[in-house]
Amino acid sequence: SDTRRVENIVPVPVETEVTGAGYEITDETAIYVGDTSATGVGKYLADFLRTPTGYELPIVEQPPRGAAGGISLRLTGASDEVGEEGYRLQVNPSGVTIRANAPAGLFAGVQTLRQLLPPAVEADSARAADWTVPGVQIRDYPRFAHRGAHLDVARHFFEVDDVKQYIDYLAQYKANHLHLHLTDDQGWRIEIESWPKLTEIGGSTEVGGGEGGFYTQDEYREIVEYAQERFVTVVPEVDMPGHTNAALASYAELNCDGEREDLYTGTQVGFSSLCIDKEITYEFVDDVIREVAELTPGPYIHIGGDEAHVITDEEYNYFMERAIDIVRDHGKRPLGWHQILGPDPDADVIPQYWYPGNEAPEVAEAAQKGNEIIASPASHAYLDMKYHEDTELGLDWAGLTSVKEAYDWDPGTFIEGVDESSIMGPETALWSETLETLDDIEFMLFPRFPAIAELGWSPDTKTDDWESFRERLATQGPRWDIQDINYYESSQLPWA
Ligand SMILES: CC1=[NH+][C@H]2[C@@H](O1)O[C@H](CO)[C@@H](O)[C@@H]2O
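Fair warning: this is a prediction, and the values are worked out from it, not measured in the lab.

*Asks:* Teacher, can you tell me more about helix α14 (residues 466-474) here?
*Replies:* For an α-helix, 3.6 residues make a turn, and residues three or four places apart therefore share a direction. Residues of α14 that are buried include every one of W466, F469, R470, R472, L473 and A474, and no others. Packed against the buried residues of α14 are α1 (4-7), α11 (403-407), α13 (448-457) and α15 (477-482). Regarding α14, its N-cap is D465, as a side-chain oxygen of that residue lies 3.0 Å from the backbone nitrogen of E467 further along.

Set out below in structure tokens:
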């Protein structure tokens, strides 16, 4: 077995120790799920391993016996320090044992086991390979609770299967929140039964004038369920009061002048707003939030709040206070881009910091008051930024973001005056003005997303060394080749 794989895990675990002889997965191997709540992870692992190995890998309730050995998923024996998402992974000749305090921890351990096996494990057909897991003891748990990735499905619409693939990429690198940017000037992508024209009209196009599209409520439920099976929480965003041209083009009554806007297929920002003075606006917001909340098992709803350039601060604050209350009325916790802090909101509101710089007095002030913050600085975490000036895809308003720039920052200390204890974690943003296909998404996501996923998971004592990280990250390349991921072969990495 290749013990080098133990040194190249991304995100790097808290503690790894090579212990000697490993365990070979064979056609005798069984997967033991001692506790029924481990069965879901057992099925995920079995589905994952059966394809490349061609082995039956039965899921059994009883511990594997003797030499046949096996892979045990146990919800006992993990210490409290690994929390709900951490795990202990032990490998010796009699088998693999993953211990955790909750299924999410078992799932994280399975992602590590995946990287302890050769890249052939990523194949979508049976391969002859040495399915030996090196002998290790690993103790691991996440630094931040919120390890997110945002996807803009409004500027360009992406089908359910593309979103599922995106969720698989998040899970592969232990991220646990998917922020879906569902509405914007160019498109409304989530069916709202009480306002059907939002998708009939607002979902009918996209940047560049293409056919757009939208998720029916059942399709959205399918995305949420797929994410839940991978311990990913979906955070839906309905951007307001700005970035609302698609809604204003769908319903005349939402406009102050009673006239529908034209559909918009460009890429400007800041020109639209709901009509702050009309009561119907707040009925609209209530209906939308109610329906989205009913579809969302997660605790959060993101209400945007960015770039409301055509209304006054007073109008913005008035609107935001009412919108925040509506989110709470429907049992959810409000998130917003950090401008949401304008109207001096309560401590339960979560600002998502997005400016390129690290000076943010209103964010530092909120942190002092107890608000928790998601770190998405556009200078490091906006994966729609070009890698370099010749990158075809992407934008450059926040500068160019090489793989090194994506990695070389600390989400815990980046924002001036904000203590790590106020940071929920990093979240990457992927805006789709220039992205139309899954290939385009993959090109911007890889290799930079795994870099930020490591910042979200691994201890800060192990994520401050770009030189060692670039070596580890490069060893992921053969996996991405087999996964047929359209990644950018950055010259900053020592590819094999
Ligand atoms: C929060 C935020 N609002 C703007 C800004 O980020 O830049 C994005 C492009 O990078 C753009 O798509 C988005 O509408």
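*Asks:* Mind showing me how you'd approach the site of the ligand here?
*Replies:* Taken together, 14 residues lie near the ligand, and R155, D306, D384, W397 and E433 sit nearest. The contact in question runs from an oxygen atom of the ligand to an N or O atom on the side chain of D384, over 2.7 Å. Contact with the protein chains covers 97% of the free accessible surface of the ligand, which is 350 Å². Across the shell around the ligand, the residue classes tally to 8 nonpolar, 1 polar and 5 charged.

*Asks:* For this particular structure, what's the right way to read the sheet that holds strand β7 (residues 132-140)?
*Replies:* Two orientations exist for strands paired in a sheet by backbone hydrogen bonds: parallel and antiparallel. Ordered by their spatial adjacency, 7 strands build an open sheet running β1-β7-β5-β6-β4-β2-β3, and the pairing between neighbours is mixed. At either margin of the open sheet sits one strand with a lone partner, and together these are β1 (15-24) and β3 (59-60).

*Asks:* Teacher, can you tell me more about the nonpolar core here?
*Replies:* Most often, soluble globular proteins have nonpolar side chains that are buried together. Within the largest apolar cluster, 103 residues are counted, with the highest numbers of intra-cluster contacts made by L180, W188, F284 and I303. In this structure, F284 is in contact with W188, W195, L198, A247, L254 and L274, ignoring residues within four places of it in sequence. Judged by nonpolar contacts, the second largest core, of 38 residues, contains Y23, I98, L116 and V136.

*Asks:* Can you walk me through the sheet that holds strand β16 (residues 373-375) in this structure?
*Replies:* Strand order in this closed barrel of 8 strands is β8-β9-β12-β13-β14-β15-β16-β17, and the pairing throughout is parallel. Recorded for the sheet is a direction-independent mean angle of 30° between the axes of neighbouring strands. Where helix α6 (residues 217-229) meets the sheet, it contacts β9 (177-181) and β12 (233-240), and its direction lies at approximately 140° from that of β12.

*Asks:* Is there a simple way to explain the packing of helix α8 (residues 279-294) against helix α9 (residues 313-329) in this structure?
*Replies:* Two measures define how a pair of helices packs: the angle their axes make with one another and the distance between the axes. In contact at an axis separation of 10 Å, α8 and α9 are set at 30° when each is read in the N-to-C sense. With respect to the hand of their crossing, α8 and α9 are arranged in right-handed fashion. Residues E279, T281, Y282, V285, D286 and I289 of α8 form the contact with α9, whose participating residues are Y318, F319, R322, I326 and V327. Classifying every residue of the contact of α8 with α9 by side-chain character gives 7 nonpolar, 1 polar and 3 charged.

*Asks:* What is the right way to read helix α4 (residues 160-172) from this model?
*Replies:* In this model α4 runs 18 Å from its N-terminal to its C-terminal C-alpha over 13 residues, within 8% of the 18 Å that 1.5 Å per residue would give. The complete set of buried residues in α4 reads V160, V163, K164, Y166, I167, Y169, L170, A171 and Q172. Each element contacted by the buried residues of α4 is listed here: α3 (103-116), β8 (148-152), β9, α6, α12 (438-445) and α13. Looking at the residues trailing α4, positive phi occurs at K174, about 65°.

*Asks:* Looking at this structure, I do not really get the packing of aromatic side chains. What am I missing?
*Replies:* Both the distance between ring centres and the angle between the ring planes are used here to describe each pair of aromatic rings. Inspection of every chain in the model, using the stated rule, returns 29 aromatic pairs. When the ring of Y169 is compared with that of F446, the centres are 4.9 Å apart and the planes differ by 80°; the resulting orientation is edge-to-face. Placement of the pair is Y169 in helix α4 and F446 in the loop between α12 and α13, with a sequence separation of 277 residues. The residue whose ring lies beneath R230 is Y226, and the NZ or CZ to ring-centre distance is 3.5 Å.

*Asks:* Would you mind showing me how to read the state of the cysteines here?
*Replies:* A covalent bond between the sulfur atoms of two cysteines is referred to as a disulfide. Across all of its chains, the model carries 1 disulfide by this definition. The side chain of C256 participates in a disulfide bridge whose partner is C275; the two sulfur atoms lie 2.0 Å from each other. Taking the torsion about the S-S bond as the criterion, the C256 to C275 disulfide, at about 105°, is right-handed. Pair noted here: C256 is in the loop between α7 (245-248) and α8 and C275 is in the loop between α7 and α8, with a separation of 19 residues, a long-range link. With relative accessibility at 55%, the residue C256 sits in the exposed group.

*Asks:* Is there a simple way to think about the pattern of salt bridges in this case?
*Replies:* Once the charged atoms of two side chains with opposite charge are near each other, the side chains can pair. Applying the stated criterion across every chain, the model contains 25 salt bridges. One salt-bridge network, in which partners are shared between bridges, spans D152, R155, D184 and E433.

*Asks:* Can you help me understand the environment of P11 in this one?
*Replies:* Take P11: it is sitting in the loop between α1 and β1. Note on P11: relative accessible area 0%, which makes it buried. Remark: the alpha-carbon pair of P11 and Q111, spanning 100 residues in sequence, is separated by 10.0 Å. Apart from residues no more than four positions distant in its own chain, P11 is found in contact with Y173, K174, A453, E454, W457 and S458.

*Asks:* Looking at this model, I keep getting lost on the pairing of strand β17 (residues 423-428). Mind explaining?
*Replies:* Along any regular strand the residues' side chains alternate between the sheet's two faces. Counting buried positions along β17 yields 6 of 6 residues, so the element is predominantly enclosed. Where β8 lies against β17, 2 bridges are found, and the strand directions are parallel. Each residue of the ladder has a partner; that of A149, found in β17, is T428. When β16 meets β17, the two strands line up parallel, connected through 3 bridges. Within the sheet, the bridge partner assigned to I373 lies in β17 and is I423.

Rules of the game
- Residues numbered from 1 in each chain as written.
- Predicted model: local features only at pLDDT ≥ 70, side-chain atom pairs only at ≥ 80, totals over all residues.
- Heavy atoms only, no water.
- Buried < 20%, exposed > 50% of the residue type's maximum accessible area, 1.4 Å probe, protein only.
- Helix = DSSP H or I, 4+ residues; strand = E, 2+ residues; numbered from the N terminus.
- Contact = heavy atoms within 4.5 Å.
- Polar contact = N/O pair within 3.5 Å; in protein donor to acceptor, adjacent residues only side chain to side chain.
- Near = heavy atom within 4 Å.
- Areas by Shrake-Rupley, 256 points an atom, 1.4 Å probe, with all protein chains shown as cover.
- Nonpolar A, V, L, I, M, F, W, Y, C, P; charged D, E, K, R; others polar.
- Pairing = 2+ DSSP bridges.
- Core = buried A, V, L, I, M, F, W, Y, C linked by side-chain atoms within 4.5 Å.
- Axes fitted to C-alpha atoms, helices over the stretch in contact; angles between N-to-C directions.
- Left-handed = near helix turned anticlockwise from the far one by under 90°.
- Expected span 1.5 Å × (residues − 1).
- Phe/Tyr/Trp six-rings, centres within 6.5 Å; stacked < 30°, edge-to-face > 60°.
- Lys NZ or Arg CZ within 6 Å of the ring centre and 35° of its normal.
- Disulfide = S-S within 2.5 Å.
- Salt bridge = Lys/Arg side-chain N within 4 Å of Asp/Glu carboxyl O.

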